Amino acid sequence: MLGHPVSAYRMRTIGGTGATGTPGPGGYSRHLVVAKGADGSGGSFDLSYWRRDATTEDDTALRRIAEAVLPTLQGWAAAPSGS
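Model, not experiment: these values are computed from the prediction. (Residues numbered from 1 in each chain as written. Predicted model: local features only at pLDDT ≥ 70, side-chain atom pairs only at ≥ 80, totals over all residues. Heavy atoms only, no water.)

Draft legend 1. Just the pattern of salt bridges, in detail. Within this structure, the stated rule accounts for 1 salt bridge. For the salt bridge of R30 with D59, the shortest nitrogen-to-oxygen distance reads 2.9 Å. On the criterion of sequence distance, the pair formed by R30 in strand β2 (residues 22-35) and D59 in helix α1 (residues 59-69) is long-range, its members being 29 residues apart. Judged by its relative accessible area of 16%, R30 falls in the buried class. (Salt bridge = Lys/Arg side-chain N within 4 Å of Asp/Glu carboxyl O. Helix = DSSP H or I, 4+ residues; strand = E, 2+ residues; numbered from the N terminus. Buried < 20%, exposed > 50% of the residue type's maximum accessible area, 1.4 Å probe, protein only.)

So, in structure tokens, the structure goes:
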């Protein structure tokens, strides 16, 4: 991701059901863990998003968001040109 090491994972969320809001399985959340430094150093950022409905997550949208947001975060180290 932008020349940095990245890992992706998916988790089940907890949701409420019915008028009582009884906890139960919800939708899914998608996560990207991206190293702050291009060499994998300096910690990481974890970006995640989830949907309230049961439809499939849009991985393309998560990548677009990450590419727009990560370079603006304090601690982000831009990858050298050509990475």
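The discussion continues.
Draft legend 2. Up close: the nonpolar core. Listed in full, the 10 residues of the largest apolar core are M1, L32, V34, F45, L47, Y49, L62, A66, L70 and W76. Elements with a contribution of two residues or more to this core: β2, β3 (44-50) and α1. The element best represented in this core is β3, accounting for 3 residues. (Core = buried A, V, L, I, M, F, W, Y, C linked by side-chain atoms within 4.5 Å.)

Draft legend 3. Representation of the environment of L62 within the structure. Note that L62 resides in helix α1. Look at L62 and you get buried, because its relative accessible area is 4%. Separated by 31 residues in sequence, L62 and H31 place their C-alpha atoms 8.3 Å apart. Once residues lying within four places of it in the same chain are set aside, the contact partners of L62 are R30, H31, L32 and Y49. (Contact = heavy atoms within 4.5 Å.)

Draft legend 4. Spatial organisation of α1. Taken together, the buried positions of α1 are A61, L62 and A66. Across the axial projection of α1, the buried residues extend over an arc of 135°, all falling on one side. Of the exposed residues in α1, those oriented more than 90 degrees away from the buried face are R64 and A68. (Arc of directions from axis to C-beta.)

Draft legend 5. Spatial organisation of the packing of aromatic side chains. Per the counting criterion, the structure on display carries 1 aromatic pair. Note on F45 and W76: the rings are 6.4 Å apart at their centroids and 35° apart in plane angle, and the pair reads as tilted. Highlighted residues: F45 in strand β3 and W76 in the segment after α1, separated in sequence by 31 residues. According to the relative accessible area criterion, W76 is buried, its value standing at 15%. Geometry around Y28 places R10 over its ring, the cationic atom sitting 3.7 Å from the centre. The ring of F45 carries the charged tip of K36 above its face, separated from the ring centre by 5.0 Å. (Phe/Tyr/Trp six-rings, centres within 6.5 Å; stacked < 30°, edge-to-face > 60°. Lys NZ or Arg CZ within 6 Å of the ring centre and 35° of its normal.)

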